Amino acid sequence: MKYRRILLKISGEALMGEGSYGISPDMIHFVAGEIKAVHERGVQLALVIGAGNIFRGVAGAAGGMDRGSADNMGMLATVINSLAMQDGLQKAGIPAHVMSAITMRNVCEPYVRTRAISYLNEGHVVIFAAGTGNPYFTTDTAGVLRALEIQADVIMKATRVDGVYDRDPEKDSGAIRFGRLNYTKVLQDELRVMDAAGISLARDNDLPILVFNMKVPGNINRASEGEEIGTLITG
């Protein structure tokens, strides 16, 4: 396997499946199965899950809410998604722990970096919830931060398209996919892989970012092996 420790960033929208809101049990089952196939090969996996299927803080702020309050709601929504994913993984026979940046001991564990690394070394999956615990930071940035803290080999961003394009491929059939990119081009061309803060943090610490289509069965395993799928962003 090319990557031995991976931070997998999953959008909240991915958990909707074919629905328009909420969490699809079928999608949880599918993702858990994909993770299990990689986990059984000895790869250490940590997850960060967004909350777009429930509530986006930036959307709430755009509607007139206080940004801090809206972001707090979004962070709590990530905990709901993380608990759903934990349940799916445990039902698949994988030990999993939700660690939240916002303390809520009756629901999940508080985030402690050294404990998270210990869980990974023991072969457990760790799900990082509640973003960074601070408003104004997206789950993309939280994913990069946690990947660096646990010394992950790569952050893999699972999306519904097969990489990064020069235009939206869902709106323009002539969009061109990039096989490889560097951080600076992503920032200069505003390619919307993830927010600028996350890209800059990855660039400053030489953390590779792999963007790929999660809906294709076996793709997480292929990506872990180093197969050239999606778009790889490096220096």
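Up top is the structure.
What you are looking at is a predicted structure, and each value in this text was computed from that prediction instead of being measured.

> What is the right way to read the packing of aromatic side chains from this model?
What characterises a pair of aromatic rings is the spacing of the ring centres plus the angle enclosed by the ring planes. This model, assessed by the stated rule, comprises one aromatic pair. Of note, Arg-146 hangs over the ring of Tyr-111, and the distance from its end group to the ring centre comes to 3.9 Å.

> What should I look at first to understand the nonpolar core in this one?
Burial of nonpolar side chains together is a common tendency in soluble globular proteins. Within the largest apolar cluster, 39 residues are counted, with the highest numbers of intra-cluster contacts made by Leu-8, Ile-35, Met-85, Leu-89, Val-125 and Met-156. For this core, the element with the highest residue contribution is helix α1 (residues 25-39), accounting for six residues. Not counting residues within four places of it along the chain, the set of residues in contact with Met-156 comprises Tyr-3, Ile-6, Leu-7, Leu-8, Lys-9, Leu-210, Phe-212, Ala-223 and Ser-224.

> Honestly, the layout of surface pockets in this entry has me stumped. Any pointers?
Over the atoms rolls a probe the size of a water molecule, and its path tells where empty space is left. As a volume, the second largest pocket reaches approximately 190 Å³. Arg-180, Glu-227, Glu-228, Ile-229 and Leu-232 are the residues nearest the centre of the second largest pocket, which is lined by 13 residues in total.

> Looking at this structure, how should I read the environment of Ile-80?
With respect to the helices, strands and loops of the structure, Ile-80 is situated in helix α3 (residues 67-91). According to the relative accessible area criterion, Ile-80 is partly exposed, its value standing at 45%. Separated by 77 residues in sequence, Ile-80 and Lys-157 have C-alpha atoms that sit 20 Å apart. In this structure Ile-80 touches Ile-23 and Ile-54, once residues within four positions along its chain are discounted.

> I keep staring at the pairing of strand β11 (residues 231-234) and nothing clicks. Help me out?
Walk down a regular strand and you will see the side chains alternate between the two sheet faces. Pairing of strand β9 (residues 180-182) with β11 involves three bridges; the strand directions are parallel. Paired with Arg-180 across the two strands is Leu-232, which belongs to β11. In terms of strand pairing, strand β10 (residues 209-213) meets β11 through three bridges, oriented antiparallel. Within the sheet, the bridge partner assigned to Ile-209 lies in β11 and is Ile-233.

> Is there a simple way to explain the side chain of Thr-132 in this structure?
Along the chain, Thr-132 falls in the loop between β5 (125-129) and α5 (139-149). Its relative accessible area of 16% is what places Thr-132 among the buried residues. Separated by 3.2 Å, the side chain of Thr-132 and the backbone nitrogen of Asn-134 make a polar contact. With residues near it in sequence (within four places) discarded, Thr-132 still touches Ala-101, Phe-137, Ala-142, Leu-145 and Arg-146.

> What is the right way to look at α5 in this model?
Side chains three or four residues apart in an α-helix point the same way, a direct result of the helix having 3.6 residues per turn. Burial runs high along α5: eight of the 11 residues are buried. Turning to α5, its buried residues number three or more, namely Thr-139, Asp-140, Thr-141, Ala-142, Gly-143, Val-144, Arg-146 and Ala-147. Turning to α5, the residues buried within the fold contact β1 (5-10), β2 (44-49), α3, β5, β6 (154-159) and α7 (196-204). N-cap assignment for α5: the residue whose side-chain oxygen lies 3.3 Å from the backbone N of Asp-140 is Thr-138.

Criteria and thresholds
Residues numbered from 1 in each chain as written. Predicted model: local features only at pLDDT ≥ 70, side-chain atom pairs only at ≥ 80, totals over all residues. Heavy atoms only, no water. Phe/Tyr/Trp six-rings, centres within 6.5 Å; stacked < 30°, edge-to-face > 60°. Lys NZ or Arg CZ within 6 Å of the ring centre and 35° of its normal. Core = buried A, V, L, I, M, F, W, Y, C linked by side-chain atoms within 4.5 Å. Buried < 20%, exposed > 50% of the residue type's maximum accessible area, 1.4 Å probe, protein only. Helix = DSSP H or I, 4+ residues; strand = E, 2+ residues; numbered from the N terminus. Contact = heavy atoms within 4.5 Å. 1 Å grid on protein atoms, 1.4 Å probe; cavity = no way out; pocket = protein on both sides within 12 Å on 5 of 7 lines; lining within 4 Å. Points joined across faces, edges and corners; volume = space filled by probe spheres on them. Pairing = 2+ DSSP bridges. Polar contact = N/O pair within 3.5 Å; in protein donor to acceptor, adjacent residues only side chain to side chain.

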